Amino acid sequence: MKTFKTVIIDDERLAREEVKRALKDHKEFVVVGEASHVDEAKEVIEKEQPDVLFLDIHMPQKSGFDLLEELTTVPEVVFTTAYDHYAVKAFELNALDYLVKPLRDERFSKTIEKVKQELANRSSIPTDILPMHRKIFIKDGEKCHFIPLSEIHFIESLENYARLYFGQEKAMIKRSLNLLSERLDPAVFFRVNRSQIININYIKEIHPYFNNKLKIILVTGEDIEVSSRQSVKFKNWNSL
């Protein structure tokens, strides 16, 4: 039986116990940790690398949304909340699902089925490289996004921040380009120069440029100059 590492995060102990009791009928989900606040949760997540979070939204000091903003990438998330308006916001974020407390058995079972469908075919092999199905959470002002890595077509550096381009939107993340470059799949994301990374699946055209450099045009319209060093690397990589 394939199992899924699960972490429960809620500032109320009884609420955490309620989720654990509900999970007893679903043996695939192995609770590897729990936390009562965001800082503790971050430590548990970084240590255990769970497949799914049951995450309370409304907690003292920092919310569940604040936690997700601090993570480089986000496991599948089921939000739990006692407040309907938070549940609506969670749903708008395209979270895997949300549960309103107190939990109802029938509703919980439906959520578990959604989680299982989402996770069933994914590899559990640990790696420092993030698989393309993983998501990045970005809180940009009042707007929040769950972004699958596969939908990010362009990343540019802004000192200790990075700006991610996805679909017709862009948003800032509190991560350096160097950090992102270490975790992204090098077979998909190519660093074209010191300040920019592209998703090669979005390349539309490649043109020779001055001083043996390349110019790459993405299907989304970006026109990007590849550095001399990276142009050589790109040519060798693609046998151009």
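Higher on the page you've got the structure.
Heads up: these notes are all about the structure in this document. Keep in mind that this is a model prediction, so the values were computed, not measured. All chains use their own residue numbering, which begins from 1 and follows the written sequence. It should be noted that, the model being predicted, local features are given only for residues of pLDDT at least 70 and side-chain atom pairs only at 80 or more, the latter also being counted only at that level, while totals for whole chains, interfaces and linings use all residues. Note that water and hydrogens are dropped before the side-chain values are worked out from all heavy atoms of the structure.

## Regarding the sheet that holds strand β11 (residues 189–193)
The strand order across the open sheet formed by five strands is β10-β9-β8-β12-β11, and the pairing between neighbours is antiparallel. At either end of the open sheet lies a strand with only one pairing partner, and these are β10 (169–173) and β11. Ignoring strand direction, the axes of neighbouring strands in this sheet form an average angle of 20 degrees. DSSP-based pairing: two strands are paired if at least 2 bridges between them are found. Under the DSSP-based scheme used, a helix requires at least four consecutive residues in state H or I and a strand at least two consecutive residues in state E, with every element numbered from the N terminus. Direction of pairing for β11 relative to strand β12 (residues 196–199): antiparallel, over a ladder of four bridges. Within β12, the position partnered with Phe 189 by the bridge is Asn 199. Lines fitted to C-alpha atoms define the axes here, with helix axes fitted over just the stretch in contact, and angles between the N-to-C directions of these axes take values from 0 to 180 degrees.

## Quick notes on unusual backbone geometry
Across the junction of Lys 101 and Pro 102, the peptide omega takes the value 0 degrees, indicating a cis bond. Within the secondary structure layout, Pro 102 lies in the loop between β5 (97–100) and α5 (105–119). Non-glycine residue Gln 49 carries a positive phi angle of around 50 degrees. Within the fold, Gln 49 resides in the loop between α2 (38–48) and β3 (52–56). Despite not being glycine, Asn 211 shows a phi value in the positive range, around 55 degrees. Here Asn 211 is to be found in the loop between β13 (203–208) and β14 (214–218). Note on classification: 1.4 Å probe, protein chains only; a residue is buried when its accessible area is under 20% of the maximum for its type, exposed when over 50%, partly exposed between these limits. Judged by relative accessible area, Asn 211 falls into the exposed class, the value being 64%.

## So, the pairing of strand β8 (residues 152–158)
Among the seven residues in β8, five count as buried, and that is most of the element. Of the pairings in the sheet, the one linking β8 to strand β9 (residues 161–166) comprises six bridges and is antiparallel in character. When the bridges of β9 are listed, Ile 155 appears paired with Leu 164. Count of turn residues in the β8/β9 antiparallel hairpin: two residues, of which Glu 159 carries a positive phi of about 55 degrees.

## Overview of the pattern of salt bridges
Within this document, salt bridges are pairs made up of a side-chain nitrogen of Lys or Arg and a carboxyl oxygen of Asp or Glu, the two lying within 4 Å of each other. Here the structure, examined in full by the defined rule, presents 14 salt bridges. With its nearest N and O atoms 3.1 Å apart, the salt bridge here joins Lys 20 to Glu 17. Note that Lys 20 and Glu 17 are positioned in helix α1 (residues 13–23) at a spacing of three residues, about one turn of the helix. Residue Glu 17 is classed as partly exposed on the basis of its relative accessible area, which comes to 25%.

## Notes on the pairing of β5
Residues Asp 97 and Leu 99 of β5 are buried on one face, while the alternating residues Tyr 98 and Val 100, pointing to the opposite face, are not. Summarising the sheet, strand β4 (residues 76–81) and β5 pair through four bridges and their orientation is parallel. If you follow Val 78 over to β5, its bridge partner there is Asp 97.

## Looking at the nonpolar core
Of all hydrophobic cores here, the largest spans 21 residues; its most connected members are Ile 9, Leu 53, Leu 55, Leu 67, Leu 68, Val 77 and Phe 79. Among the elements of the structure, β1 (4–9), α2, β3, α3 (64–70), β4 and β7 (143–148) are those that each provide at least two residues to this core. With four residues, α2 is the largest single contributor of residues to this core. If sequence neighbours within four positions are ignored, Leu 53 has contacts with Val 7, Ile 9, Ile 45, Leu 68, Pro 75, Glu 76, Val 77 and Val 78. For our purposes a nonpolar core is just a set of buried Ala, Val, Leu, Ile, Met, Phe, Trp, Tyr and Cys residues, chained together by side-chain atoms within 4.5 Å. Whether two residues are in contact is decided by their heavy atoms: any pair within 4.5 Å suffices.

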